[in-house]
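These are the residues of each chain, in order.
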Amino acid sequence: MGSMQQRLERFLYSPGPIGDLLGQLEARTGVQRLYLATGSVAFLGLYLMFGYGASLLCNIIGFVYPAYVSIKAIESNSKEDDTMWLTYWVVYGVFSVAEFFSDLFLYWFPFYYVGKCMFLVWCMAPVPWNGSQVIYHSIIRPFFLKHHSTVDNMMGDIGTKALDAASTVTREGIKTPLNVAELLQKAK
């Protein structure tokens, strides 16, 4: 257990947005970083269990930090961080679609938003075995590799049909004002 506490304290004292914020709070309040972090996590957990707007808070947690580091990844020269955050967004998108269809039932489970928030934090954790890597490589990628040619064909067909529909609407859209103009000329 000592090594876990040492790693946590190393993380809390490391430079970065969380360490810097905790340093400022520690300087202003005189309360140790470990207690500030523990209290914040406990408050967040209780709020996710019992608070109003837990869904919004959980979605903010799953979106704000990943969006920020994704922008930083885009601006960096490294490809690894781009791949890591693209993988996160693919998993987040699949999870969001699945949640849309199951949210009506999952909402009623006690502590659903705590579990969802823990899942999203696991997906964005800066470790090699984070959730987005595990889920992508074990579920999404095999499914994609198995079905991508079928989906590509279907998307091509949909694209062709959409183009045909757009040209039909354009043709009909041009004819309609001309027909109206002819009717108005005949009415005079």
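Residues numbered from 1 in each chain as written. Predicted model: local features only at pLDDT ≥ 70, side-chain atom pairs only at ≥ 80, totals over all residues. Heavy atoms only, no water.

Caption draft 1: Broad picture of the overall build of the chain. When helices and strands are counted, the chain shows 7 helices and 0 strands. Along the chain, helices and strands appear, N-terminal first, in the series α-α-α-α-α-α-α. The C-alpha atoms of the chain give 26 Å as radius of gyration, which overshoots the globular expectation for 188 residues (16 Å, by more than 25%). Contacts in the chain between residues at least 24 apart in sequence constitute 47% of all its contacts with a sequence separation of at least 6. Of the accessible surface of the chain, which amounts to about 14,200 Å², a share of 70% is contributed by carbon and sulfur atoms. Side chains of the chain carry 14 positive and 14 negative charges; the gap between the two charge centres is 4 Å. (Helix = DSSP H or I, 4+ residues; strand = E, 2+ residues; numbered from the N terminus. Rg over C-alpha atoms; globule rule 2.2 N^0.38 Å. Contact = heavy atoms within 4.5 Å. Areas by Shrake-Rupley, 256 points an atom, 1.4 Å probe, with all protein chains shown as cover. Lys, Arg positive; Asp, Glu negative; His and termini not counted. Charge placed at Lys NZ, Arg CZ, Asp CG, Glu CD.)

Caption draft 2: Main features of the pattern of salt bridges. Counted under the stated rule, the structure contains 2 salt bridges. Across the pair R33 and E26 runs a salt bridge, and its minimum N-O distance is 2.9 Å. We note a salt bridge from E99 to K116, for which the minimum N-O separation is 2.9 Å. Linking E99 in helix α5 (residues 80–106) with K116 in helix α6 (residues 112–124), this pair joins segments that are 17 residues apart in sequence. Here E99 matches K116 in class, with each residue buried. (Salt bridge = Lys/Arg side-chain N within 4 Å of Asp/Glu carboxyl O. Buried < 20%, exposed > 50% of the residue type's maximum accessible area, 1.4 Å probe, protein only.)

Caption draft 3: The packing of aromatic side chains, seen in detail. If you walk through the whole model with that rule in mind, you get 10 aromatic pairs. The structure contains a cluster of three or more aromatic residues connected by ring pairs, namely F63, Y65, W85, Y88, W89 and Y92. (Phe/Tyr/Trp six-rings, centres within 6.5 Å; stacked < 30°, edge-to-face > 60°.)

Caption draft 4: Highlighting the nonpolar core. Core analysis: the largest hydrophobic core is formed by 18 residues, its most contacted members being L48, C58, W85, Y88, Y113 and L120. For this core, the elements supplying multiple residues, two or more each, are α4 (54–75), α5, α6 and α7 (131–187). With 7 residues, α6 is the single largest residue contributor to this core. Residues in contact with L48, not counting those within four places in the same chain, are A54, L57, C58, Y113, V114 and C117. Ranked by size, the runner-up nonpolar core spans 5 residues in total, among them L22, L34, L36 and A37. (Core = buried A, V, L, I, M, F, W, Y, C linked by side-chain atoms within 4.5 Å.)

Caption draft 5: Representation of α6 in the model. Here α6 contains 13 residues, and its C-alpha end-to-end distance of 19 Å stays within 8% of the 18 Å for a straight helix at 1.5 Å per residue. Among all positions in α6, only Y112, Y113, V114, K116, C117, L120, C123 and M124 are buried. (Expected span 1.5 Å × (residues − 1).)

Caption draft 6: Quick look at a nonpolar patch on the surface. Residues L46, M49, F50 and F111 make up a contiguous nonpolar surface patch of about 430 Å² in total accessible area. Relative to the assigned elements, F111 resides in the loop between α5 and α6. What makes F111 partly exposed here is its relative accessible area of 45%. (Patch = residues over 30% accessible without salt bridge, like charges linked within 9 Å, V, L, I, M, F, W, Y side chains within 5 Å.)

Caption draft 7: Region of the structure containing α5. Taking 1.5 Å per residue as the helical rise, α5 with its 27 residues ought to reach 39 Å, whereas the 34 Å between its terminal C-alpha atoms falls clearly short. Residue F100 marks the point of greatest curvature in α5, where the axis turns by about 50 degrees. For α5, the set of buried residues is W85, T87, Y88, V91, Y92 and E99. (Bend = angle between axes of the 7 residues up to and from the residue.)

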